[in-house]
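What follows is each chain in one-letter form.
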Amino acid sequence: LARFFADDYVDHAHREIRQGGAGDRENMLAAFAAVGAAFPDTHHIIHDLIAEGDRVVARVSAAGVHAGSLDGEEPSGRRIHNDAIVVYRLENGRIAERWSRERESILEQIGAVRCPR
């Protein structure tokens, strides 16, 4: 996975919630590993993929069962579903930046937080 991301990658979508406030490559790789361990049966679907210039936009969904700990939350056994629109900026064939808007918080769906509506 690391080979697809630029060394100076910036994740604008999760910069505020990552430990230490960093939306960098190392934190992104750690987050992917943590979510993969917490939801080992996750299934991803790319519904739309649109590219123009150095930008790629994806409309994606993911579903899986919370079977491992995540951010200190023990496995809930809850099935989650998440829809997102993700924008990537490519540079030299690698992902340099990422922006995302998710429909529902994974942490809310496993009962770890309650998001105001």
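Residues numbered from 1 in each chain as written. Predicted model: local features only at pLDDT ≥ 70, side-chain atom pairs only at ≥ 80, totals over all residues. Heavy atoms only, no water.

Undergrad: What am I meant to see in the overall build of the chain here?
TA: When you go through the chain residue by residue, the secondary structure sums to two helices and five strands. The order of α-helices and β-strands along the chain, N terminus first, is β-α-β-β-β-β-α. Across the 117 residues in the chain, those meeting the buried criterion constitute 30%. Residue pairs in contact within the chain that sit at least 24 positions apart in sequence constitute 46% of those at least 6 positions apart. Element-wise, carbon and sulfur atoms account for 53% of the exposed surface of the chain, whose accessible area totals about 7,500 Å². (Helix = DSSP H or I, 4+ residues; strand = E, 2+ residues; numbered from the N terminus. Buried < 20%, exposed > 50% of the residue type's maximum accessible area, 1.4 Å probe, protein only. Contact = heavy atoms within 4.5 Å. Areas by Shrake-Rupley, 256 points an atom, 1.4 Å probe, with all protein chains shown as cover.)

Undergrad: Please explain the pattern of salt bridges as it appears in this structure.
TA: Where charged atoms from two side chains of opposite charge come close, those side chains can pair. For the coordinates displayed, the defined rule picks out seven salt bridges. Across the pair Arg59 and Asp48 runs a salt bridge whose closest N-O atoms are separated by 2.7 Å. Taken as a pair, Arg59 in strand β3 (residues 55-65) and Asp48 in strand β2 (residues 43-52) lie far apart in primary sequence, eleven residues in all. Overall, Asp48 belongs to the partly exposed group, its relative accessible area being 34%. (Salt bridge = Lys/Arg side-chain N within 4 Å of Asp/Glu carboxyl O.)

Undergrad: Mind showing me how you'd approach the nonpolar core here?
TA: Among soluble globular proteins, nonpolar side chains are generally buried collectively. Core analysis: the largest hydrophobic core is formed by six residues, namely Ala38, Phe39, Leu70, Ile80, Ile106 and Ile110. Here Ile80 is in contact with Phe39, Ala62, Ala63, Gly64, Ile106, Gln109 and Ile110, once residues within four sequence places are set aside. Among the nonpolar cores identified, the runner-up in size contains five residues, and Phe5, Tyr9, Met28 and Leu29 belong to it. (Core = buried A, V, L, I, M, F, W, Y, C linked by side-chain atoms within 4.5 Å.)

Undergrad: What exactly am I supposed to notice about a nonpolar patch on the surface here?
TA: On the surface, Leu1, Phe4 and Phe32 cluster together into a nonpolar patch covering about 300 Å² of accessible area. Tracing the backbone through its elements, the reader meets Leu1 in the segment before β1 (5-11). (Patch = residues over 30% accessible without salt bridge, like charges linked within 9 Å, V, L, I, M, F, W, Y side chains within 5 Å.)

Undergrad: In this structure, what is going on with the side chain of Arg25? I would like to understand it.
TA: One can find Arg25 in helix α1 (residues 25-38). On the basis of relative accessibility, which here comes to 15%, the residue Arg25 falls in the buried class. At 3.2 Å, the side chain of Arg25 and the backbone oxygen of Phe5 are in polar contact. If sequence neighbours within four positions are ignored, Arg25 has contacts with Ala2, Arg3, Phe5, Ala6, Asp7, Tyr9 and Arg94. (Polar contact = N/O pair within 3.5 Å; in protein donor to acceptor, adjacent residues only side chain to side chain.)

Undergrad: Looking at this model, I keep getting lost on unusual backbone geometry. Mind explaining?
TA: Of all residues except glycine, most have a negative phi; of all peptide bonds, most are trans. In this model, Asp71 sits at a positive phi of 50°, which is unusual for a non-glycine residue. As for its position among the elements, Asp71 is in the loop between β3 and β4 (79-91). Positive phi is not limited to glycine here, since Asn92 has a value of about 55°. For Asn92, the position within the fold is in the loop between β4 and β5 (94-102).

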